[in-house]
Amino acid sequence: MAEGRWRVRQVLWVSLGAVMLMWAGMSGARAAYPDRPITLVVPFAPGGPSDIIARILSVTLTQSLGQQVIVDNRGGAAGNIGMGQVARATPDGYTLLLTSTAIAVNPALFKNLPYDPIKDFAPISELVNAPNVLIVRPDSGINTIADLVAQAKANPNRFNYASPGAGTKSHLTGELLKLRAGINMVHVPFRGAGPAAQAVLARTTEVGSVALAAAEQLIKDGQLRALAVTSEKRWFSLPNVTTMIEAGYPGFISDTFNALFAPAAVPPEIRALLVRESRAAFQRPEARDQAHKAGFEVVAGTPEELAARVEAEISSVRELVERAGIKPE
């Protein structure tokens, strides 16, 4: 009997030890994150605003996390392809998404999205934002927004405007101007903000509505004229350029954010680490300087702030799309 009880106890102790080792192994595996390279998906082509910010972030996270962070550009369908891939990715922290305001704009523009912007992603941080800017050639004879509006009203069929693509925040900025000013301009979409700015230079279009980062150096070089920026206050890098609010359009704010997301079911401890490290990344002087030089203001906000921003953007964009009569694709 005594020998039998000893054997039972021995089996129990061995089983308990195995369970403890298993939990220790699981805990150790999680504590080791990351133990292999991380993929940072950018759902747009290389060279655009999101790609610029992703590459700044990848360098700083590689240093702080001790594993390589690889930027993977998965462009197409206004960002929907890449965002859909991350939404379906294994939620282990090794596939992340760096995207723009498109995540909040696209629900109003596309009938069938491969993701839900609220349910499928865990917000990490709004890293940076930047306004849009309305541009013309310096020899256009248009010096102010008032000049543009006056000429557009006098010549209702003359003006068109370039944007980085249908459904971008820059496109919606142009449509908002049309509504607020009561003018007509034909939208001409291009494949990115750079080509849209070049279209104005080449006289393909009279006006451009683009993200500031794509046009800032051309403005500073005198090759393009900025009529107004769409930020709440004058932008730090172009202090002589008026805002749309100063031009007589109260509440005319239309900026573009770039933010970090993870798949929704990412473990909370991994999410907390990503929040801490991504926010800290853009507090580093070198990353902040790079962002400023590219035309962005650093935000490095909380997950709660980003979640609220996305929900507010979805609502306001739906309203604008309906008012402008833009048909979902």
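Rules and cut-offs
- Residues numbered from 1 in each chain as written.
- Predicted model: local features only at pLDDT ≥ 70, side-chain atom pairs only at ≥ 80, totals over all residues.
- Heavy atoms only, no water.
- Helix = DSSP H or I, 4+ residues; strand = E, 2+ residues; numbered from the N terminus.
- Expected span 1.5 Å × (residues − 1).
- Buried < 20%, exposed > 50% of the residue type's maximum accessible area, 1.4 Å probe, protein only.
- Contact = heavy atoms within 4.5 Å.
- Salt bridge = Lys/Arg side-chain N within 4 Å of Asp/Glu carboxyl O.
- Pairing = 2+ DSSP bridges.
- Core = buried A, V, L, I, M, F, W, Y, C linked by side-chain atoms within 4.5 Å.
- pLDDT = per-residue confidence, 0-100.
- Polar contact = N/O pair within 3.5 Å; in protein donor to acceptor, adjacent residues only side chain to side chain.

A. A look at helix α9 (residues 268-281). Taking 1.5 Å of rise per residue, the 14 residues of α9 would be expected to cover 20 Å, and the 20 Å separating its terminal C-alpha atoms lies within 8% of that figure. Among the residues making up α9, those that are buried are I270, L273, L274, V275, E277, S278 and A281. Looking at the buried positions of α9, the neighbouring elements they touch are α2 (49-65), β3 (95-100), β4 (121-136), β9 (255-263), α10 (285-293) and α11 (303-324).

B. Molecular detail of the pattern of salt bridges. This model, assessed by the stated rule, comprises 14 salt bridges. Here E175 makes a salt bridge to K178, at a shortest N to O gap of 3.3 Å. You can see E175 and its partner K178 sitting in helix α6 (residues 169-181), 3 residues apart, about one turn around the helix. You'll find E175 and K178 in the same group, each marked buried.

C. Highlighting the pairing of strand β7 (residues 207-211). β7 sits mainly inside the fold: 5 of its 5 residues count as buried. Pairing analysis gives 2 bridges linking strand β5 (residues 160-163) to β7, with the strands arranged parallel. In the strand pairing of β7, A162 is matched with G208.

D. View of the nonpolar core. Of all hydrophobic cores here, the largest spans 55 residues; its most connected members are L57, V133, I135, I219, L224 and F282. When residues of this core are assigned to their parent elements, the largest contribution, 7 residues, is made by β4. Among residues more than four places away in sequence, those in contact with I135 are A197, V200, E206, V207, G208, V210, A215, I219, L224, R225 and A226. One finds I142, L177, I183 and L320 within the second-largest nonpolar core, a separate group that totals 29 residues.

E. Layout of the environment of L127. Tracing the backbone through its elements, the reader meets L127 in strand β4. Here the alpha-carbon distance between L127 and L98, two residues 29 residues apart in the chain, equals 9.4 Å. If we ignore the near neighbours within four places in the chain, the residues touching L127 are I53, L57, L98, N258, A259, L260, S278, F282, E297, V298, V299 and A300.

F. Region of the structure containing the confidence of the model for the chain. Across the chain, the average pLDDT comes to 89, with 90% of residues at or above 70. Segment residues 11-30: pLDDT under 50, and 1 contact once partners within four positions in sequence are set aside and those in other chains are kept.

G. Seen up close, the environment of R158. Within the fold, R158 resides in the loop between α5 (145-154) and β5. On the accessibility criterion, R158 (37% relative accessible area) is partly exposed. Spatially, the C-alpha atoms of R158 and E206 are 8.8 Å apart, while their sequence positions differ by 48 residues. Those residues in contact with R158 that sit more than four places away from it in its chain are Q151 and E206. A distance of 2.9 Å separates a polar atom in the side chain of R158 from a polar atom in the side chain of Q151.

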